[in-house]
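Reading the structure
Each chain is listed here by its residues.
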Amino acid sequence: MVKRIPEGSSKNSENKTRRHTKKWKPAAGGKWKMNVDGSFITPIRHGGTGGILRDDQGNFKEAFAILVSTVASAKQIDLCAIKEGLRLDLQGSYVGLEGVLHDIRDAMSSMPTISIQHTNRCADRIAHRLTSVAYEGQNAVVWLSSPPGSIIDLLTYDVTHMSD
């Protein structure tokens, strides 16, 4: 038996519609927002972290992309991304979840106004794209005044669609 699917109602088109409804949202007035992401390739145990800091108008402040040589899980690489976002210090090494959690707790204890919340990857594609940049290079990269060319299209989209 062949099931007919009406044109335009495939599962893929529903997913595309849903993706476009989620978008990046700025922090409340006067505050800045850091979005981070981590990804890893299971067979080779390498991971990448990426993050971007923006002001309440969506303007670029800084970003990072860091290759992590040994990763055991998705949870670990996401925690590494949070850690890098909090400290933007490139001298760390990732031994396990406990060490990363300890570093995050320490960093947050000195920053009482910082909060962490989960955001769906579809709502912040820039941090995810920066994880890909991390895979391409062998060094950690931090951009402090101008965004890398690889994210300008997404920055422009986010800023122009903030009020939608």
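This text goes with the structure placed above it.
Residues numbered from 1 in each chain as written. Predicted model: local features only at pLDDT ≥ 70, side-chain atom pairs only at ≥ 80, totals over all residues. Heavy atoms only, no water.

1. A few points about the overall build of the chain
- When helices and strands are counted, the chain shows five helices and four strands.
- Along the chain direction, N to C, the helices and strands of the chain fall in the order α-β-β-β-α-α-α-β-α.
- The buried share of the chain, reckoned over its 164 residues, is 32%.
- Counted over contacts in the chain with a minimum sequence separation of 6, partners at least 24 positions apart contribute 61%.
- Looking at the chain as shown, the accessible area adds up to about 10,300 Å², and 53% of this sits on carbon and sulfur atoms. (Helix = DSSP H or I, 4+ residues; strand = E, 2+ residues; numbered from the N terminus. Buried < 20%, exposed > 50% of the residue type's maximum accessible area, 1.4 Å probe, protein only. Contact = heavy atoms within 4.5 Å. Areas by Shrake-Rupley, 256 points an atom, 1.4 Å probe, with all protein chains shown as cover.)

2. Brief notes about the packing of helix α4 (residues 125-136) against helix α5 (residues 152-160)
- The interhelical angle for the contact between α4 and α5, taken along N-to-C directions, is 175°, at an axis separation of 10 Å. In this view, α4 runs roughly antiparallel relative to α5, as classed from their interaxial angle. Contacts from Arg125, Ile126 and Arg129 in α4 reach Asp153, Leu154, Leu155, Tyr157 and Asp158 in α5.
- Taken together, the residues of the contact of α4 with α5 break down into four nonpolar, no polar and four charged. (Axes fitted to C-alpha atoms, helices over the stretch in contact; angles between N-to-C directions. Parallel < 35°, antiparallel > 145°, perpendicular 65-115°, else oblique. Nonpolar A, V, L, I, M, F, W, Y, C, P; charged D, E, K, R; others polar.)

3. Some thoughts on the sheet that holds strand β2 (residues 46-54)
- An order of β1-β2-β3-β4 is seen for the four strands of this open sheet, with the pairing classed as antiparallel. Only two strands of the sheet have a single partner each, and these edge strands are β1 (33-41) and β4 (141-143). Strand after strand, the sheet turns through a mean of 10° between neighbouring axes, direction not considered.
- Sheet topology places strand β3 (residues 60-68) next to β4; three bridges connect them, and they run antiparallel. Each residue of the ladder has a partner; that of Phe64, found in β4, is Val142.
- Against the sheet, α4 engages β1, β2, β3 and β4, with an angle of about 135° to β2. (Pairing = 2+ DSSP bridges.)

4. Here's the deal with the pairing of β1
- The pairing of β1 with β2 spans nine bridges and is classified as antiparallel. Bridged to Gly38 within β2 is Thr49.
- Here β1 hands over to β2 after four residues, with Arg45 in that stretch at a positive phi of 60°.

5. Observations regarding the packing of aromatic side chains
- Applying the stated rule across the entire model yields zero aromatic pairs.
- Lying over the aromatic face of Trp24, Arg54 brings its terminal NZ or CZ to 3.7 Å of the ring centre. (Phe/Tyr/Trp six-rings, centres within 6.5 Å; stacked < 30°, edge-to-face > 60°. Lys NZ or Arg CZ within 6 Å of the ring centre and 35° of its normal.)

6. Overview of the nonpolar core
- If you look at the biggest cluster of nonpolar residues, it comprises 12 residues: Ile52, Phe60, Ala63, Ala65, Ile126, Leu130, Val133, Ala134, Trp143, Ile151, Leu154 and Leu155.
- Residue assignment for this core shows that the elements contributing at least two residues are β3, α4 and α5.
- Per element, the largest residue contribution to this core is four residues, and it comes from α4.
- Residues contacting Leu154, with those up to four places away along its chain left out, are Arg125, Ile126 and Arg129. (Core = buried A, V, L, I, M, F, W, Y, C linked by side-chain atoms within 4.5 Å.)

7. Comments concerning the environment of Ile52
- Tracing the chain through its elements places Ile52 in strand β2.
- Along the primary structure Ile52 and Asp124 are separated by 72 residues, whereas in three dimensions their C-alpha atoms are 9.6 Å apart.
- Residues within four places of Ile52 in sequence aside, it is in contact with Lys33, Met34, Asn35, Phe60, Glu62, Ala63, Asp124, Ile126, Leu130, Ile151 and Leu155.

8. Some words on α4
- When the terminal C-alpha atoms of α4 are compared, their 17 Å separation across 12 residues agrees well with the 16 Å that a helix rising 1.5 Å per residue should span.
- If you check which residues of α4 are buried, you get Ile126, Ala127, Leu130, Thr131, Val133 and Ala134. Buried residues along α4 cover an arc of 160° about the axis, so they all sit on one side.
- Taken together, the buried residues of α4 touch β1, β2, β3, β4 and α5. (Expected span 1.5 Å × (residues − 1). Arc of directions from axis to C-beta.)

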